[in-house]
Amino acid sequence: MRYSKIMLVMFIGVFFWAFMSPFAWAEEEPGKLVMESIDRGLAILKEPSLIGAEKVQERRQRLWEEISPVFNFEEMSKRALGVHWKKRSPEEKKEFVELFTDILKNTYIGKTDTYSGEKMEVLRERHDSSYAEVQAKLITNKGTEVSVNYHLVSNHGKWRIYDVVIEGVSLVNNYRSQFNSILLKSSYEELVQRIKEKK
Amino acid sequence: MRVSSLLTFLFLVTICLNGAFVWAESSPLSNRQSDETTSTGKKSGMDTNIEGEKSVSSGQTGEIVSENKGSATNANTESEKLEPVSAGQPGETAGVGKSSVKDTNIKSEKLGPVDVEFETTFSSTETASISDPIQPYNRSIFVFNDKAYYYVVKPVYKGYNKAVPEKARVSVRNFFSNIAMPVRFFNCLFQGEFKGAGTELARFVINTTFGVAGFSDPAKSLFHLEKQNRDFGQTLAKYKIGTGPFVEWPFIGPSSARDTVGFVGDLALNPLTLLSFFAGPFVSTGVNSYDYMNEVSIDKGEAYESITKPAIDPYIALQDAYVQNRIKRIKE
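Criteria and cut-off values
- Residues numbered from 1 in each chain as written.
- Chains lettered and ligands numbered in written order.
- Predicted model: local features only at pLDDT ≥ 70, side-chain atom pairs only at ≥ 80, totals over all residues.
- Heavy atoms only, no water.
- Helix = DSSP H or I, 4+ residues; strand = E, 2+ residues; numbered from the N terminus.
- Buried < 20%, exposed > 50% of the residue type's maximum accessible area, 1.4 Å probe, protein only.
- Contact = heavy atoms within 4.5 Å.
- Areas by Shrake-Rupley, 256 points an atom, 1.4 Å probe, with all protein chains shown as cover.
- Patch = residues over 30% accessible without salt bridge, like charges linked within 9 Å, V, L, I, M, F, W, Y side chains within 5 Å.
- Salt bridge = Lys/Arg side-chain N within 4 Å of Asp/Glu carboxyl O.
- Axes fitted to C-alpha atoms, helices over the stretch in contact; angles between N-to-C directions.
- Parallel < 35°, antiparallel > 145°, perpendicular 65-115°, else oblique.
- Nonpolar A, V, L, I, M, F, W, Y, C, P; charged D, E, K, R; others polar.
- Pairing = 2+ DSSP bridges.
- Core = buried A, V, L, I, M, F, W, Y, C linked by side-chain atoms within 4.5 Å.

Chemist: Give me the overall build of chain A: which residues, what numbers.
Modeler: Looking only at helices and strands, chain A features seven helices and five strands. In sequence order, chain A lays out its α and β elements as α-α-α-α-α-β-β-β-β-β-α-α. Relative to its full complement of 199 residues, chain A shows a buried share of 52%. Relative to all contacts within chain A whose residues are 6 or more apart in sequence, the contacts with residues 24 or more apart total 49%. Total accessible area on chain A stands at roughly 10300 Å², and carbon and sulfur atoms take up 62% of it.

Chemist: Go over the overall build of chain B, please, and point to the residues and values.
Modeler: Looking only at helices and strands, chain B has 15 helices and three strands in total. For chain B, the residues scored as buried account for 52% of the 332 residues in total. Put simply, 77% of the contacts in chain B that link residues at least 6 apart link residues at least 24 apart. Surface summary for chain B: the accessible area is close to 15200 Å², and the carbon and sulfur share equals 67%.

Chemist: Which residues make up a nonpolar patch on the surface, and what are the values?
Modeler: A contiguous nonpolar surface patch, about 450 Å² in accessible area, is contributed by Tyr3, Ile6, Met7 and Met10 of chain A. Residue placement: Met10 of chain A occurs in helix H1 (residues 2–26).

Chemist: Run through the packing of helix H4 (residues 73–81) of chain A against helix H5 (residues 90–111) of chain A, naming residues and quoting values.
Modeler: Residue and element names in this part refer to chain A. Close contact between H4 and H5 brings their axes to 9 Å; oriented N to C, the two are set at 100 degrees. Classified by the angle between their axes, H4 and H5 sit roughly perpendicular to one another. On H5, the residues touching Phe73, Glu74, Met76, Ser77, Ala80 and Leu81 of H4 are Phe96, Val97, Phe100, Thr101 and Leu104. Considering only residue class, the contact of H4 with H5 consists of eight nonpolar, two polar and one charged.

Chemist: Got a sec to walk through the pattern of salt bridges? Specific residues and values, please.
Modeler: The final tally for this structure, using the stated rule, is 23 salt bridges over all chains. Of the charged contacts, one joins Glu145 of chain A and Lys137 of chain A as a salt bridge, the two residues approaching to 3.5 Å between their closest N and O atoms. Judged by its relative accessible area of 10%, Lys137 of chain A falls in the buried class. Across the pair Asp313 of chain B and Arg139 of chain B runs a salt bridge whose closest N-O atoms are separated by 3.0 Å. Of this pair, Asp313 of chain B sits in the loop between helix H14 (280–308) and helix H15 (314–331) while Arg139 of chain B sits in helix H6 (residues 135–163); the two residues are 174 residues apart in sequence, bridging distant segments of the chain. Judged by relative accessible area, which is 4%, Asp313 of chain B ranks as buried.

Chemist: Tell me about unusual backbone geometry, and please be specific about residues and values.
Modeler: Of all residues except glycine, most have a negative phi; of all peptide bonds, most are trans. All names here are of chain B. Of note, Val212 is a non-glycine position whose phi angle comes to about 50 degrees, a positive value. Tracing the backbone shows Val212 in the loop between helix H9 (194–209) and helix H10 (218–221). Its identity is not glycine, yet Ala213 carries a phi of approximately 55 degrees, on the positive side.

Chemist: Tell me about the pairing of strand E3 (residues 253–256) of chain B, and name the residues and values.
Modeler: Residues and elements named next belong to chain B. Relative to E3, strand E2 (residues 246–249) is paired through four bridges, and the arrangement is antiparallel. Its bridge partner lying in E3, Glu248 is registered against Pro254. Here E2 hands over to E3 after three residues, with Phe251 in that stretch at a positive phi of 65 degrees.

Chemist: Kindly report on the nonpolar core, identifying the contributing residues and their values.
Modeler: In summary, soluble globular proteins display a tendency toward joint burial of nonpolar side chains. Residues Tyr150 and Phe179 of chain A are the most contacted members of the largest nonpolar core, which totals 48 residues. Of the residues forming this core, the biggest block, seven residues, is contributed by H5 of chain A. Membership of the second largest hydrophobic core comes to 21 residues, among which are Phe142, Phe246, Ile316 and Ala321 of chain B.

Chemist: Please give an account of the packing of H6 of chain B against H15 of chain B that cites residues and values.
Modeler: A pair of packed helices can be characterised by two numbers: the angle between their axes and the separation between those axes. Residues and elements named next belong to chain B. At a closest axis distance of 10 Å, the pairing of H6 and H15 adopts a crossing angle of 100 degrees. Between H6 and H15, the interaxial angle falls into the category roughly perpendicular. Across from Gln135, Asn138, Arg139 and Phe142 in H6, the residues of H15 making contact are Pro314, Tyr315, Ile316 and Leu318. Here the residues of the contact of H6 with H15 sort into five nonpolar, two polar and one charged.

Chemist: Go over the pairing of strand E4 (residues 158–166) of chain A, please, and point to the residues and values.
Modeler: Residue and element names in this part refer to chain A. Along E4, seven of the nine residues are buried, which leaves the element largely enclosed by surrounding structure. Pairing of strand E3 (residues 145–155) with E4 involves eight bridges; the strand directions are antiparallel. The partner of His151 across the bridge, within E4, is Asp163. Strand direction decides the pairing type here: E4 and strand E5 (residues 169–170), joined by two bridges, are antiparallel. Counterpart to Val165 in the pairing with E5 is Ser170. Counting the residues that bridge the hairpin from E4 to E5 gives two residues, and of these Glu167 lies at a positive phi of roughly 50 degrees.

Encoded structure:
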């Protein structure tokens, strides 16, 4: 009968949907993740209750809470230290991740203070099982376009950003060049000292 | 006193035509095909891992594809771009990353390949560095440039920003950029980009007429003809001339031996240089430094600060940003 056929199809549909959905949920799309994070960030920057110089700290804090979970700071620190990472003890690694996270937080959250209507567009993404690249462009209010590529690493289906490449300049590689150059001449302790002074 | 120091500055600045703070200039995403890859010799087998690209905003993707110079190597170059990422794949997910509970059993299995990953991923970027035999000299010039920026250039352009609205400054940029069209046109030809040369020619005709002497850019806004940022340094790179050592020039900023030659080549191709023959060096100097100041006022000053301010070693940060940006632009 027609009716029972429809029922059967529906049953199969529901069964497979229920069966598949946990896997579907686990599989976040990197492009979507980046786009949604940007949108959430922009929503905070545009929020009327947070506009104004006296709200700077509150706005920065909200933005940091919203955006930081999308980043994998440990991966960033590891890549920024490069070959020197594995020579470090677990405590040193932990300290370094904290220091590096602070640098990124202070400089890049601070940059949002001058937000004035810049737009972000995600152009395309590609990924394999564990790595993804999301290409986006920032359109300034002057009409200039800046290419911004996000590099993501997957950890059990959760995509996290580990590098941001602006006009071909990788943030992590830029810091690695600096750290390498410092570690060529001085000790790791001195590097940590210089990073602390920076704060 | 103030006037005379300003004049000295203007004179020094003549040499800084369009090469200053190059990394800040934006350019559309386009094909990358060049021998100067960051990760040389890492092409093996990785390509197969890469899934087809997915469009997120479908309208945008269409545009990009048309921007690409219509070559058939698209798929190939796309995957090439992903290489630095995928180079260290086998070990990437390994233990060093997350310390979450789920990870623990994988940790023990995969600790081995971590070393391999470090070697592959990191050595690939090592090749992106530049030789810097005259670093002490370069560093002193960098300190000078940095001081000149904060004490001279920045105050001047801040005042200029207050006096001239942003729209007008962008128009001025368009005007100078339109005049410098032969630089891009000839470098397109030298690089065998005949389509790009045609685009530049069409842009020049449209912008000079409809764009009122180049002050606006209808070629881009109405006809979607993108500016082809081609310079002589790129041309030399395409002819397999090596980067050479790093040089920090007063006022011009970071450069390499090759790009310095390229810079001079571009000067020779720029009609503004002819101005000094007709209108005398004083006018030419004034015009050039005005162009320079205008560029800095729009975004190059900001770009300089955003690279050097968060840096632990600003000199290296700027040098690395220059090198990375050049590699990208040469690949385009």
